[in-house]
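Residues per chain, in single letters:
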Amino acid sequence: MQNKEQFREKLYYINGRGYKAYKDLAGEYDFGEFILFLDHVQGDPFAAPSRIRLRVEQSKSLFPEKLFSSKTRKIALEDYITRKISSAIKKYVQGNRGTGKSGLIEIDMCGQQILEKTSVVINDKFVEARLSVGLPARGRQIISKQAEIMFFDEISKIVRDSLYAGNIDLAAAEKHVLLAEDQEFIRAHLREKGLVAFIGEGSILPRRSGVSDLPLTGGRVIPFKIPSSLQVSFETPNNGVVKGMGIPEGVTLIVGGGYHGKSTLLRAIEKGIYNHIQGDGREWVITVHDAVKIRAEDGRRVEKVNISPFINNLPYGEDTKFFSTDNASGSTSQAANIIEAMEMEAKLLLLDEDTSATNFMIRDVRMQNLVAKEKEPITPFIDKVRQLYENYGISTILVVGGSGDYFDVADTVIMMEEYIPKDVTEKAKEIASTFKNLRKKEGGEEFGRITKRIPLRKSFNPQKGKKVKIDAKGLHNIMFGRSIIDLSAVEQLVHSSQTSAVGYAIYYALRKQYIDDNSSIYEIVRKVERDIDEKGLDIISPFYGQHPGNFARPRRFEIASAINRLRTLETLVRE
């Protein structure tokens, strides 16, 4: 390992030379306060930035071990340090100072959620930050003086402010960590109370806009209130008793007039699979980890999915036990999305009638009398939702405003009235009893079998030309070789680094031979999850042992969703 003065000498030596001379800097350098790992040097000022790691030994950083003594605490502390680094970058870094990305210093940004990420790693030996740096140039000529300022002044200040425990607010860090621990505690104990979700009293559910994840502020904000009949409480390890509304297992309807908060509540529940930062408003909105949002997705690819529990007797005798299409309708896509979630062992489905196919959700008595069942391939969701729970233990939370027929199959009915929830279960049951439903139940007495699908290795090609090409294009698209995987209907992704991790998780499964023409999608993804649990999220990177790239951990459901939406996918079916 070389020292910082040798690094400075190298900078002086390459001053004014062509940009590729920056490659001579690659390596490890002891800066005294920290160790610099220059893992990847960009070849051009317009290319993806260089990747560096900044490591401080624990003997110097002195972060209290209690702050990272469990997995949940470790993730939360790494998140807190990432946020501190981001603040220090804004404080100290001059920004652009030359051509292209010259002068850039950045770390993977954090949002409202506390995610397992690769941006910072802390353990009993060291704390390490992973940053991207745009090495400065004028045109394609190296500007060593600006590079010297970046490494010896700006980065040094970032390290001092963020990676030394004595220079950060440890009380605030501990509060951040303990909040995440309590959120995870509630999530782990939901099923003991027979619940699938919990919304804390006083939560702020609305967001500022459709493109902002920040909480709504001002006079229009209505803190969440609890119907007494649904009130539950949790004695948390660090924040004492937390009271809120519990949503029981089974079939739950969220009803109410338009613009009264039905979909707002559901969106908060769907994001309740994540822990949230203090001040988000949804800190105490907690959902079981294996909840999946389901919607119609016209035009998606479907590959040999057994949608027969919902759809049968298609024209021309098409077999729906091995249903494939390049252009799914609203109903067939929604059926496939449910079955694929079941393949991955989801235990809670979240649906909103606004994003569902109408003919998939309900077929009323008048339509039943007009169109005979033998002429209608679709068994509506209303006839399968109870079977999902009774046969598979899968609960459903459904936003519905247009069909009281669902009262007959609901266990719990919550009405939103001016953003205030009311338990109207008894009233809904009374209405159902008074106004008899004359529609006939369709689809048989059992839900039907779920078959496992085996993806064929030959249908995955991560190469574009001679190079592997995997690249997240924002939150909703992955370039995988020559294919674009569209995840715009996968609504529980919250960070583009998750999207990137999804693409590289699939590539990792290929490299490890987990996709072997014998293992099901579920088995493949669980193997990837096992490796991440044992070795950390870095393991999915082709650059393991260096700066791995910006990843945030996705769930198995999002990884499987990407596999299922790969338009080249071919599968075998395991009976």
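Since we're looking at a predicted model, the values are computed, not measured.

(A) Spatial organisation of the environment of Pro542. Within the secondary structure, Pro542 sits in the loop between helix H13 (521–535) and helix H14 (556–565). Take Pro542: its relative accessible area is 37%, and that puts it in the partly exposed class. Between the alpha carbons of Pro542 and Tyr504 there is a distance of 8.4 Å; along the sequence they are 38 residues apart. Dropping the residues within four chain positions of it, Pro542 is found in contact with Tyr504, Tyr507 and Arg511.

(B) Main features of the sheet that holds strand E14 (residues 231–236). Taken in spatial order, the 4 strands make up an open sheet running E14-E15-E11-E18, and their pairing is antiparallel. Each of the sheet's edge strands pairs with one partner strand only, and the pair in question is E14 and strand E18 (285–287). Across the sheet, the mean angle from the axis of one strand to that of its neighbour is 35°, orientation sign disregarded. Of the pairings in the sheet, the one linking E14 to strand E15 (residues 240–248) comprises 6 bridges and is antiparallel in character. Each bridged residue has a counterpart across the sheet, and for Gln231 the counterpart in E15 is Met245. Running over the sheet, helix H5 (residues 170–189) touches strand E11 (195–200), E14 and E18 and is turned about 125° from E14.

(C) Local environment of the packing of aromatic side chains. For the structure on display, the rule yields 15 aromatic pairs. With centroids separated by 4.7 Å and ring planes inclined at 70°, the aromatic side chains of Phe7 and Tyr29 adopt a geometry described as edge-to-face. One end of the pair, Phe7, is in helix H1 (residues 4–14); the other, Tyr29, is in strand E2 (residues 27–30), with 22 residues separating them in the sequence. With respect to burial, Phe7 and Tyr29 carry one shared label: buried. On the numbers, 4.9 Å between centres and 50° between planes, the contact of Phe310 with Phe360 is tilted. Of this pair, Phe310 sits in the loop between strand E20 (302–305) and strand E21 (323–325) while Phe360 sits in helix H8 (residues 358–361), and the two are 50 residues apart along the sequence. Judged on exposure class, the residue Phe310 and its partner Phe360 are both buried. Linked through ring pairs, Phe7, Tyr29, Phe31, Phe34, Phe151 and Phe152 together constitute an aromatic cluster. Sitting over the ring of Phe126, Arg55 keeps its end group 3.8 Å from the ring centre.

(D) Molecular detail of the side chain of Glu529. Tracing the backbone shows Glu529 in helix H13. Apart from the residues lying within four places of it in its own chain, the contact partners of Glu529 are Arg553, Arg555 and Arg556.

(E) Inspection of the packing of helix H3 (residues 71–92) against H5 at higher detail. Axis separation between H3 and H5 bottoms out at 9 Å; the angle between their running directions is 140°. Taken together, the axes of H3 and H5 are oblique relative to one another. Crossing handedness for the pair H3 and H5: right-handed. Listed contacts from H5 to Thr72, Arg73, Ala76, Leu77, Asp79, Tyr80 and Arg83 of H3 are Ala172, Ala173, His176, Val177, Leu178, Ala180, Glu181 and Glu184.

(F) Layout of the nonpolar core. Among the nonpolar cores identified, the biggest contains 81 residues, and Phe381 and Ile540 are the most heavily contacted of them. The element contributing the most residues to this core is helix H12 (residues 496–511), with 9 residues. If you look at the next biggest cluster of nonpolar residues, it comprises 55 residues, including Ile14, Val56, Tyr164 and Ala173.

About the criteria used
- Residues numbered from 1 in each chain as written.
- Predicted model: local features only at pLDDT ≥ 70, side-chain atom pairs only at ≥ 80, totals over all residues.
- Heavy atoms only, no water.
- Helix = DSSP H or I, 4+ residues; strand = E, 2+ residues; numbered from the N terminus.
- Buried < 20%, exposed > 50% of the residue type's maximum accessible area, 1.4 Å probe, protein only.
- Contact = heavy atoms within 4.5 Å.
- Pairing = 2+ DSSP bridges.
- Axes fitted to C-alpha atoms, helices over the stretch in contact; angles between N-to-C directions.
- Phe/Tyr/Trp six-rings, centres within 6.5 Å; stacked < 30°, edge-to-face > 60°.
- Lys NZ or Arg CZ within 6 Å of the ring centre and 35° of its normal.
- Parallel < 35°, antiparallel > 145°, perpendicular 65-115°, else oblique.
- Left-handed = near helix turned anticlockwise from the far one by under 90°.
- Core = buried A, V, L, I, M, F, W, Y, C linked by side-chain atoms within 4.5 Å.

Keep in mind that these numbers describe shape and distance, not what the molecule does.
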